[in-house]
Amino acid sequence: MENITLFINGKSVSCPRGSSLLEAAELNGIKIPRLCYHSELKPLGACRLCLVEDEKTGRILASCVMPAAPNMAILTDTPRINRHRRNIVRLMMAEHPESCIVCNKGNRCQLRQIAAQLGLGQTGLYPMPNYKPLEQANPFIIRDLSKCVLCGKCIRADHELVLAGAIDYNFRGFKSRPLTLHDLPLEQSNCTFCGTCVSICPTGALAPKNTAHAGTPEREAPSVCGFCGVGCSLSMGVIGEQVVEINPSDSKDSVNGATLCVRGHFAHDFLNAGQRLTQPMIRREDKLMQASWDEALDHAATRLMEIKKTFGPQSIGFLGSSKCSNEENYLFQKIARTVFETNNVDNGGYLSGRSGLGPIDSKTGGGWRVSPLANLEKAESIIVIGADPGHTTPVVDYYIRRAAKKGVPLIIVDPRKTDLTPFSTVWLRIQPERDVKLINCLAALLWKRFGHDSIFIDRFTEGFASYSEGLSSFNRERLCVEAGVDMSALERTTDLLKGKRIAFVVGHGILQQRNAVRAMEAIFNLMLMTGSLGSDAGGLYALARENNQAGAWDMGSAPDVLPGRQHLDDSRQRQRFERAWNTRLSPDQGLNTIRMIMEAEKGNLKALYIMGENPLRSLPQHERVLKALENLELLVVQDILETETSTMADVVLPGAGFCEKSGSYTNMEGRIQCVDPVVSPPLGARADWEILNILSERLGLPSRYNTIGKIRAEIVQHVPGYAGLDHGKNTVWISNNSQRRLFNREGQGEPIAFSPVVFAEDSPQNEDYPFTAIVGSKRYHLGSGTRTSHSRRIRNLGKNGHAEISPADGLELNLADGDKVRIHSQCGSIVREIMLEKGLEKGLVYLPAGFNGNDVMKLIPLTPFEDRHSTGLKTCRIRLEKLQSVT
Amino acid sequence: MTPKDIDWTRLSAIIDKHKAERWSLIPLLQEIQEAFGFIPPESIEIIADALKIFPVEIQGVITFYAGFSLLPKGKYVLKVCRGTACHVKGGRSILRLIKTQLGLEEGETGKDYQFTLETTACLGACALAPTMMVNRTYFGKLSPPKVTAVLAHHSKDKE
Ligand code: SF4
Ligand code: SF4
Ligand code: SF4
Ligand code: FES
Ligand code: FES
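Values in this document were obtained by computation on a predicted structure and should not be read as measured data.

## Focus: the overall build of chain B
Working step 1: Of the regular secondary structure elements, chain B holds 7 helices and 4 strands.
Working step 2: Along the chain direction, N to C, the helices and strands of chain B fall in the order α-α-α-α-β-α-α-β-β-β-α.
Working step 3: Going through the 159 residues of chain B one by one, you find that 44% of them count as buried.
Working step 4: Expressed as a percentage of contacts within chain B between residues at least 6 apart in sequence, the contacts between residues at least 24 apart total 62%.
Working step 5: Counting only carbon and sulfur atoms, one obtains 56% of the accessible surface of chain B, whose full area is about 8800 Å².

Structural data, given as structure tokens:
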């Protein structure tokens, strides 16, 4: 961009054309006081603290809204300006209440800071505080609008960054305040408790509600959120060894900017839960007894080796964690593969839909992996399919809302009204799990109307001829009806998409459904046909539920791949690792998470080492999982919290939370972020990589990993995309090593193949179970909710996972809000209260996961995804039985 | 107009009429205010859906302008002048008289939605002080008997 030159305080400086005076000064190291300016928000010019004087005309200007012009000369610090500034701050202080001393914003209050800078103590004005009732019924945010200085930052953050539309200015003059619709409390408004406004509010008008009054943090340290796959950058406020507050970091190129979500902002209090594990334990005479680290690790190592010796390598399983770091997952699978010679290694990512992405990974040589979320705002069009990112990965939702507001056509494919449907250009209200039909119809219509990208197809793909033949071979109208969508809506969608590249945001409605693989193939075909791959204007964004889902897979913590997602049946890769690790590797796939449990059920699996997973909560059919775990000769659980699973263990090893240890995590975009510990683990607990290192020594693994750097160096050596980790930077991106022509700079390499057009069978109807339940997420719980259910704030919210049904079904079954029902499926039953939800169609029931011990999983049969009879983890057939309320 | 009998068909007709305009919010709200005497709070979300803006933004606009009201007003809105000229000519006792006759305080609306009592600064007809307006009609040179007559003329029994 072109630069211009001007004079600030007599010094010649330059800045890009279009900067405001305030930004020009800032760029040149001159700080102008401000309250209402924020670099990510549109300037408002409300507080008038940023005044500067035009040297030539003597005019006083608000520098945040005044564009810098060539040869302008301004002064930022004259007596005249300072007099104005002091008066403004005095007026603000006169209107301010005296509860400053116990204000939760403490020393972060910018009004106080500015007053101090301007040397203001007493205002000398008659105080006329503008008292408003304090709002603090919700467990997250305290609103004390008597402290509001009307800078409008909260409103702009709410409207421009997270687009929740929860608050706006109401009234004017002295009465003017940011209010919710009908002035209801926040919990009855559109507010998602993302807390973005809280962090951005310069005063104590909006403050986090602490579970205990903690005071101002003593120090702040950077970290990365440990919940979902977005991987938001955080700044953690710490007192002693306790994290007491979280704000978005002010790093310029973080994925989240100034935003966060309710989990990242407020649910970290699980770290201080009383259920943290702080002592190794060994089961003795059927009771878990405290033990020393030496005893516990010796016991685990000896028993594991004995079992291997007696029952062979395939009798042991290793269940690692999509929440643990890359380093930990690498070491974990290395122990499994070298010491125990087994590929029975997996992590929770299996449950969140790895199977659907595997084929895409192979087809593109991993080339699809790097997809910066920031590109969503540059997309030519967006299709959100089977995803409600406002609940699973809220920051992704903000990106999509911002894109839609800018005018990017937004197509939503979902049977339910989601948080995004109000922003959509078209909402294709599909029947559950008929996505394959719909996508193929859409592709066929686009093809018929020449909406394909023939240049891209010719250059980078193969097999289009037979694919397009497939597209002409079915009756579009009929299929469209079967998918539950109006042909006219589909035609409108086609008109919108024609000639555009598409960014696909794919959620668990696709990734966890029974037809995940076919649905992903259909989507991928459509991507190829529209030239949407390998471009900023399109792309594939697979939502990752957990922070290191992508990384755990990269590290080879999966039964079918080695580090770098190299397939076990690729003998060259296998040999490479055999040499590096000095071991023999079996080419046969190991057991995945569900198969491990099933083999334990049958008595074939004898020992299970679990690191940071809670299968008794996350897997279907808890009673079967329980039996299977009881069947084991040895269960070792390494975790941070006492969980359903850890209480059954023979050996318990207390690990560390995400901000209590070093490690790197790979987010859903392909961004690898390294973090240092912010606090120490609770006394008695240890970083998981340290535990693995000590254990591996006892197991006789020759390499020693006394520092995280040693593990990282090995990763850099063996995992090609991770070479950048070497350079000591905190954030690097996976490097694209795909050999496909599309991703090759010289245009060399193989084309990417279209998959044939195939359809999936609809799930069978069942008269006895007339409803289809959709299992999904609410933003307050992550996944199965092990950690979030230990957050006191989340518990205090008092949500209990109501079953949502349509008002029409409510009428028919005589069910009203709050009525209790027993929900039966073919494999179990649970009890829930009912909530009528206008956004649901008749026949559908929405069941949020994570609540009440995640008991919704009792309704779903335990079958591996690859099984022909798998129902997936997304839907099941149910019936509802009204329970008489006991009064 | 009582809150119970909001004519939803009429409301959606107004919304439909303005939906496609570019700066449609203010004219739309004006028309609703005109037609209903107030903007039914229940209509905010419907308007927001149609215009694709946040409901809370609409509420912000409504509460910003004195011309919009979220509370239903009476059939007749009295604006009694409290400007200087009227004050000098005894406007205060005129207001007091109206308050007792209607049993309403400033800003209130009667239960039968016949009258709303408001005050305003200078109606711009100082020569006729003391003054008031009933909806859009001016009444000047007010005296207690004249006030009684005007109120009686607009009362329910008279209709
Ligand atoms: S609540 Fe805070 S951020 Fe919002 S306008 Fe008031 S001072 Fe500014
Ligand atoms: S917490 Fe988030 S959603 Fe709620 S008002 Fe603040 S910015 Fe808006
Ligand atoms: S849970 Fe996800 S979206 Fe929320 S703050 Fe953490 S990383 Fe960001
Ligand atoms: S910072 Fe410029 S007016 Fe507030
Ligand atoms: S003061 Fe009453 S009309 Fe001017």
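## Structural notes on the sheet that holds strand E37 (residues 875-882) of chain A
Residue and element names in this part refer to chain A.
Working step 1: As summarised here, the arrangement of the 6 strands in space is E32-E36-E33-E35-E34-E37, forming a closed barrel in which the pairing is mixed. Adjacent strand axes in the sheet meet at a mean angle of 45° when their direction is disregarded.
Working step 2: Where strand E34 (residues 820-825) meets E37, 4 bridges bridge the pair, whose relative direction is antiparallel. When the bridges of E37 are listed, His-824 appears paired with Arg-879.

## Some details on the site of ligand 2
Working step 1: Near ligand 2 the following residues occur: Ile141(A), Asp158(A), Val162(A), Ala164(A), Ala166(A), Ile167(A), Cys191(A), Thr192(A), Phe193(A), Cys194(A), Gly195(A) and Cys197(A).
Working step 2: Broken down by class, the residue content of the shell around ligand 2 amounts to 9 nonpolar, 2 polar and 1 charged.

## Notes on the site of ligand 1
Working step 1: Lining the immediate environment of ligand 1, one finds Cys148(A), Val149(A), Leu150(A), Cys151(A), Gly152(A), Lys153(A), Cys154(A), Cys201(A), Pro202(A), Thr203(A), Ala205(A) and Leu206(A).
Working step 2: When the residues that make up the shell around ligand 1 are grouped by side-chain class, the tally is 9 nonpolar, 2 polar and 1 charged.

## Looking at the nonpolar core
Residues and elements named next belong to chain A.
Working step 1: By size, the foremost hydrophobic cluster in this structure holds 85 residues, and its most contacted members are Phe-140, Leu-376, Ile-382, Val-384, Val-396, Ile-400 and Val-505.
Working step 2: Looking at this core element by element, the count peaks at 7 residues for helix H11 (residues 394-406).
Working step 3: In this structure Phe-140 touches Phe-193, Ala-207, Pro-208, Lys-209, Val-262, Phe-266, Tyr-780, Arg-793, Ile-794 and Leu-797, once residues within four positions along its chain are discounted.

## Some words on the pattern of salt bridges
All names here are of chain A.
Working step 1: This model, assessed by the stated rule, comprises 54 salt bridges over all chains.
Working step 2: Where Lys-437 meets Glu-482, a salt bridge forms, and the shortest distance between an N and an O atom there is 2.8 Å. With Lys-437 in helix H12 (residues 435-448) and Glu-482 in helix H15 (residues 476-483), this pair connects stretches of sequence that are 45 residues apart.
Working step 3: One salt bridge connects Arg-565 with Asp-554, and the closest N-O pair in it is separated by 2.7 Å. Of this pair, Arg-565 sits in the loop between strand E23 (561-562) and strand E24 (566-567) while Asp-554 sits in helix H19 (residues 549-554), and the two are 11 residues apart along the sequence.
Working step 4: Judged by its relative accessible area of 3%, Asp-554 falls in the buried class.
Working step 5: Each of Arg-434, Lys-437, Arg-478, Glu-482 and Asp-762 takes part in one network of salt bridges that share partners.

## Examining the packing of helix H7 (residues 293-311) of chain A against helix H24 (residues 688-698) of chain A
Packed helix pairs are characterised by how far apart their axes lie and by the angle those axes make with each other.
Residues and elements named next belong to chain A.
Working step 1: Direction vectors running N to C along H7 and H24 enclose 55°, while the axes themselves pass 9 Å from each other. By the angle between their directions, the pair H7 and H24 is classed as oblique. Where H7 crosses over H24, the handedness of that crossing is right-handed. In this structure, H7 contributes Trp-293, Asp-294, Leu-297, Asp-298, Ala-300 and Ala-301 to the contact, and H24 contributes Ile-691, Ile-694, Leu-695 and Arg-698.

## Considerations on the packing of aromatic side chains
All names here are of chain A.
Working step 1: Per the stated rule, a full pass over the model turns up 21 aromatic pairs over all chains.
Working step 2: Aromatic pair Phe-332 and Tyr-609: ring centres 5.7 Å apart, planes at 70°, arrangement edge-to-face. You can see Phe-332 sitting in helix H8 (residues 326-339) and its partner Tyr-609 sitting in strand E25 (residues 607-611), a full 277 residues away along the chain. Across the pair, Tyr-609 and Phe-332 agree in class, each one buried.
Working step 3: Both rings, one in Phe-464 and one in Tyr-467, keep their centres 6.0 Å apart while their planes meet at 50°; by these two values the pair is tilted. Here Phe-464 pairs with Tyr-467, and both are found in helix H14 (residues 464-471), just 3 residues apart, close to one helical turn. An identical accessibility class is assigned to Phe-464 and Tyr-467; each is buried.

## A look at the interface of chain A and chain B
Working step 1: Facing 19 residues of chain A, the contacting portion of chain B comprises 13 residues.
Working step 2: Between chain A and chain B, the buried area comes to about 1300 Å², and carbon and sulfur atoms account for 57% of it.
Working step 3: It is Arg172(A), Leu181(A) and His182(A) in chain A that bury the most area against chain B; as a group they hold 40% of the surface buried on that side.
Working step 4: Our count for the contact surface shared by chain A and chain B stands at 0 salt bridges.
Working step 5: Inspection of the region where chain A meets chain B yields 5 residue pairs in polar contact (both at pLDDT 80 or more).
Working step 6: The set of elements that each furnish at least two residues to the side of chain A that touches chain B consists of strand E7 (167-170) and strand E8 (177-180) of chain A.
Working step 7: Here the side of chain A that touches chain B takes 4 residues from E7(A), the largest share from any one element.
Working step 8: When the residues that make up the side of chain A that touches chain B are grouped by side-chain class, the tally is 10 nonpolar, 6 polar and 3 charged.

## Thoughts on the domain arrangement of chain A
All names here are of chain A.
Working step 1: For chain A, the assigned domains are domain 1 (3-77), domain 2 (122-272), domain 3 (281-352 + 548-733), domain 4 (354-542) and domain 5 (771-882).
Working step 2: Of note, the centres of domain 2 and domain 4, computed from C-alpha atoms alone, are 35 Å apart.
Working step 3: Summing the contributions of domain 2 and of domain 4, the shared interface buries around 1100 Å²; its carbon and sulfur component is 61%.
Working step 4: At the junction of domain 2 and domain 4, the tally comes to 0 salt bridges.
Working step 5: Across the contact surface, domain 2 and domain 4 share 6 residue pairs in polar contact (both at pLDDT 80 or more).
Working step 6: The leading source of residues in the side of domain 2 that touches domain 4 is helix H4 (residues 153-161), at 3 residues.
Working step 7: Here the residues of the side of domain 2 that touches domain 4 sort into 11 nonpolar, 3 polar and 2 charged.

## Considering the domain arrangement of chain B
Often, the extent of an interface is quoted as the loss of accessible area upon association of its parts.
Working step 1: In terms of domain boundaries, chain B breaks down into domain 1 (8-64) and domain 2 (76-158).
Working step 2: Here domain 1 of chain B and domain 2 of chain B have C-alpha centroids that lie 30 Å from each other.

## A word on the sheet that holds strand E19 (residues 426-428) of chain A
Residues and elements named next belong to chain A.
Working step 1: Strands sit in the order E19-E18-E17-E21-E22 across an open sheet of 5 strands; the sheet is parallel. For this open sheet the edge positions go to E19 and strand E22 (539-542), each flanked by a neighbour on one side alone. Ignoring which end each strand starts from, the neighbouring axes of this sheet average 15° apart.
Working step 2: Relative to E22, strand E21 (residues 503-506) runs parallel, the two sharing 4 bridges. From the neighbouring strand, Ala-503 faces E22, where its bridge partner is Gly-539.

## Observations regarding the environment of Cys197(A)
All names here are of chain A.
Working step 1: Tracing the chain through its elements places Cys-197 in helix H5 (residues 196-200).
Working step 2: Classification of Cys-197 as buried rests on a relative accessible area of 16%.
Working step 3: Along the primary structure Cys-197 and Ala-258 are separated by 61 residues, whereas in three dimensions their C-alpha atoms are 9.2 Å apart.
Working step 4: Sequence-distant contacts of Cys-197, defined by excluding residues within four places in its chain, comprise Cys-154 and Leu-206.

Rules of the game
- Residues numbered from 1 in each chain as written.
- Chains lettered and ligands numbered in written order.
- Predicted model: local features only at pLDDT ≥ 70, side-chain atom pairs only at ≥ 80, totals over all residues.
- Heavy atoms only, no water.
- Helix = DSSP H or I, 4+ residues; strand = E, 2+ residues; numbered from the N terminus.
- Buried < 20%, exposed > 50% of the residue type's maximum accessible area, 1.4 Å probe, protein only.
- Contact = heavy atoms within 4.5 Å.
- Areas by Shrake-Rupley, 256 points an atom, 1.4 Å probe, with all protein chains shown as cover.
- Pairing = 2+ DSSP bridges.
- Axes fitted to C-alpha atoms, helices over the stretch in contact; angles between N-to-C directions.
- Near = heavy atom within 4 Å.
- Nonpolar A, V, L, I, M, F, W, Y, C, P; charged D, E, K, R; others polar.
- Core = buried A, V, L, I, M, F, W, Y, C linked by side-chain atoms within 4.5 Å.
- Salt bridge = Lys/Arg side-chain N within 4 Å of Asp/Glu carboxyl O.
- Parallel < 35°, antiparallel > 145°, perpendicular 65-115°, else oblique.
- Left-handed = near helix turned anticlockwise from the far one by under 90°.
- Phe/Tyr/Trp six-rings, centres within 6.5 Å; stacked < 30°, edge-to-face > 60°.
- Buried area = accessible area lost by both parts, 1.4 Å probe.
- Polar contact = N/O pair within 3.5 Å; in protein donor to acceptor, adjacent residues only side chain to side chain.
- Domains from an automatic or database assignment.

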